[in-house]
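Structural characterization, general
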Amino acid sequence: MTEQLSDQDRLDGALDRALAKTLQGPSLPPGFRTRLLEAQYRQQLGDMRVEFVRLRWRTLATLLAVAFVAGAGVATAMPWLVETFGGYAMYVAPGILALVAVGLALNAAMRRRQITF
Amino acid sequence: MPDALERDQDIVQLIERGDTEAAFGRLVDRYEQKVYRLCCGLLRDRVLAEDSAQESLLRIWKSLAKYDARAALSTWIYTIARNRCLTALERRQVGESLIQRDAGGQLDHAAAAANPEPMAASTSLRALVDGLPERYRQALTLFYFEERSVGEAGAMLGLPDGTVKTNLARGRALLLERMSQLGLSDPLLWLEEAT
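Described in the following lines is the structure provided in the data block. Since the structure is predicted, the reported quantities are computational estimates derived from the model, not experimental observations.

Comments concerning the overall build of chain A
Of the regular secondary structure elements, chain A holds three helices and zero strands. Each helix and strand of chain A, placed in order from N terminus to C terminus, yields the pattern α-α-α. The C-alpha radius of gyration of chain A comes to 36 Å, more than 25% above the 13 Å expected for a compact globule of 117 residues. Summarising its shape, the C-alpha atoms of chain A cover approximately 120 × 30 × 15 Å along the three principal directions. Within the span of chain A, comprising 117 residues, buried residues form 16% of the whole. Carbon and sulfur atoms form 66% of the exposed surface of chain A, whose accessible area is close to 9,100 Å². Counting 13 positive and 9 negative side-chain charges, chain A places the averaged centre of each group 19 Å from the other.

Structure follows, in structure tokens:
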């Protein structure tokens with residue numbers, strides 16, 4: 001019985017050693033890390049591109065919305081402007097709009113500086 | 001030996017501090033080899049395994065900020081890698097062809113192992129392991145890939161340690177059974193030759 005157990009143990013030990021030798025873990029292929037970093041860089045570029053396109057769409061939508069609101073505002077306020085400023089109303093309205101536009105441009109410039117990838 | 005949670009505490013702390021780049025660098029140093037080996041063990045195709053390992057690491061990098069430390073980092077990493085491998089298998093419809101290849105492959109493996117003399121013993125043993133049912137083959141392969149660690153193989157396969165131990169024992173028993181079926185009257189001699 002003891003001898004049988006011992007044979008079994010020897011067989012198990014031999015199988016263990018043979019499997020350890022045969023099933024050695026594969027090493028990483030050469031250049032694996034470099035390719036990973038390149039893929040990471042490509043992914044970052046892709047994300048930046050997507051973000052950039054999204055930003056442009058948002059800018060366009062904002063511009064359209066501002067133009068619409070400005071037009072509606074001027075149309076609504078025109079009677080009051082004419083009443084208050086008389087003949088100068090034609091200059092005051094574009095002046096106010098120009099100030100708003102400069103404010104928006106400054107805001108956009110500041111936001112652009114904040115965007116870092 | 002520290003458990004999985006303790007071992008990766010440094011990486012988890014970096015993630016919590018928001019330093020995902022440093023965390024990812026350390027994670028790659030520690031896990032790139034293991035992820036690649038897991039992919040090799042599951043896919044049995046080195047090229048596909050490399051692609052899947054790269055995709056897994058990229059996905060990990062993108063999701064690193066979302067890691068919530070509910071599971072051990074290693075478990076989370078291996079789950080992502082395993083899912084990538086499954087996707088790779090599905091994408092290329094290898095699932096079906098694997099079954100076919102296994103059916104044919106087992107015959108090839110048996111034939112290759114049946115005549116061990118002309119072939120190196122280790123090659124024949126490899127063929128026998130390749131011919132084992134998938135769950136036994138995976139358990140054996142990953143166990144020896146990770147220097148005989150049941151815990152690591154279990155984490156890689158998403159299985160409890162007990163199941164891995166059972167699969168290892170059954171796989172080894174099946175290997176010995178197939179050796180004797182192949183007429184290896186004294187497998188011990190043959191195994192000693194393989195070492």
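A short note on helix 9 (residues 150-157) of chain B
Residue and element names in this part refer to chain B. Judged by how many residues are buried, helix 9 sits mostly within the fold: six of eight residues are covered. What helix 9 keeps buried is the set Val150, Glu152, Ala153, Gly154, Met156 and Leu157. N-capping of helix 9 is provided by Ser149, with a side-chain oxygen placed 3.1 Å from the backbone N of Glu152.

Focus: the interface of chain A and chain B
Each partner contributes residues to the interface: chain A has 29 residues there, and chain B has 36 residues. Sorting the residues of chain A by area buried against chain B places A:Leu15, A:Leu23 and A:Pro26 first, and these three jointly supply 21% of that buried surface. Residues B:Arg148 and A:Asp16 are paired through a salt bridge, measuring 2.4 Å at the closest nitrogen-oxygen approach. Taken together, chain A and chain B are joined by 11 residue pairs in polar contact (both at pLDDT 80 or more). Sort the elements by how many residues they give to the side of chain A that touches chain B and helix 1 (residues 2-22) of chain A lands first, with 13 residues. Along the lines of polarity and charge, the residues of the side of chain A that touches chain B split into 13 nonpolar, eight polar and eight charged.

Points about the environment of B:Thr79
Residue position: B:Thr79 is located in helix 5 (residues 73-91). Counting along the chain gives 25 residues from B:Thr79 to B:Gln54, while the straight-line C-alpha distance between them is 14 Å.

Points about the packing of helix 8 (residues 134-145) of chain B against helix 9 of chain B
The axes of two packed helices give the description: the angle between them and the distance between them. Residue and element names in this part refer to chain B. Orientation of helix 8 relative to helix 9, taken along the N-to-C sense of each, is 130 degrees, at an axis distance of 8 Å. Taken together, the axis directions place helix 8 and helix 9 in an arrangement best described as oblique. In this structure, the crossing between helix 8 and helix 9 has a hand that is right-handed. Counted together, Gln138, Ala139, Leu142 and Phe143 of helix 8 and Val150, Ala153, Met156 and Leu157 of helix 9 form the full contact between these two elements. A per-class count over the contact of helix 8 with helix 9 returns seven nonpolar, one polar and no charged.

Section: the packing of aromatic side chains
Residues and elements named next belong to chain B. Using the criterion set out here, one finds six aromatic pairs over all chains in the structure. Ring centres of Phe24 and Trp61 lie 6.4 Å apart, and the angle between their planes is 50 degrees; this geometry places the pair in the tilted category. Of this pair, Phe24 sits in helix 3 (residues 20-43) while Trp61 sits in helix 4 (residues 46-63); the two residues are 37 residues apart in sequence, bridging distant segments of the chain. Residue Phe24 is classed as buried on the basis of its relative accessible area of 4%.

A look at helix 3 of chain B
In a regular helix each residue adds 1.5 Å, so 24 residues correspond to 34 Å; helix 3 of chain B covers only 29 Å between its end C-alpha atoms and thus falls short of that length. Its axis deflected by about 50 degrees at B:Tyr31, helix 3 of chain B carries its strongest bend there.

A closer look at the pattern of salt bridges
All names here are of chain B. Inspection of every chain in the model, using the stated rule, returns 19 salt bridges over all chains. Across the pair Arg137 and Glu134 runs a salt bridge whose closest N-O atoms are separated by 2.8 Å. Residue Arg137 and its partner Glu134 are both found in helix 8; the two are separated by three residues, about one turn of the helix. The exposure class of Arg137 is buried, given its relative accessible area of 1%.

Re the packing of helix 2 (residues 32-85) of chain A against helix 4 of chain B
Orientation of helix 2 of chain A relative to helix 4 of chain B, taken along the N-to-C sense of each, is 50 degrees, at an axis distance of 10 Å. On the basis of their axis angle, the class for helix 2 of chain A and helix 4 of chain B is oblique. Viewed along their axes, helix 2 of chain A and helix 4 of chain B form a crossing whose handedness is right-handed. Each of A:Phe32, A:Arg35, A:Leu36, A:Ala39, A:Gln40, A:Gln43, A:Gln44 and A:Asp47 in helix 2 of chain A lies in contact with helix 4 of chain B, whose residues at this interface are B:Glu50, B:Ala53, B:Gln54, B:Leu57, B:Leu58, B:Trp61 and B:Lys62. For the contact of helix 2 of chain A with helix 4 of chain B, the per-class residue count stands at seven nonpolar, four polar and four charged.

Rules behind the numbers
- Residues numbered from 1 in each chain as written.
- Chains lettered and ligands numbered in written order.
- Predicted model: local features only at pLDDT ≥ 70, side-chain atom pairs only at ≥ 80, totals over all residues.
- Heavy atoms only, no water.
- Helix = DSSP H or I, 4+ residues; strand = E, 2+ residues; numbered from the N terminus.
- Rg over C-alpha atoms; globule rule 2.2 N^0.38 Å.
- Buried < 20%, exposed > 50% of the residue type's maximum accessible area, 1.4 Å probe, protein only.
- Areas by Shrake-Rupley, 256 points an atom, 1.4 Å probe, with all protein chains shown as cover.
- Lys, Arg positive; Asp, Glu negative; His and termini not counted.
- Charge placed at Lys NZ, Arg CZ, Asp CG, Glu CD.
- Polar contact = N/O pair within 3.5 Å; in protein donor to acceptor, adjacent residues only side chain to side chain.
- Contact = heavy atoms within 4.5 Å.
- Buried area = accessible area lost by both parts, 1.4 Å probe.
- Salt bridge = Lys/Arg side-chain N within 4 Å of Asp/Glu carboxyl O.
- Nonpolar A, V, L, I, M, F, W, Y, C, P; charged D, E, K, R; others polar.
- Axes fitted to C-alpha atoms, helices over the stretch in contact; angles between N-to-C directions.
- Parallel < 35°, antiparallel > 145°, perpendicular 65-115°, else oblique.
- Left-handed = near helix turned anticlockwise from the far one by under 90°.
- Phe/Tyr/Trp six-rings, centres within 6.5 Å; stacked < 30°, edge-to-face > 60°.
- Expected span 1.5 Å × (residues − 1).
- Bend = angle between axes of the 7 residues up to and from the residue.

Functional significance is not addressed by these values, which are geometric in nature.
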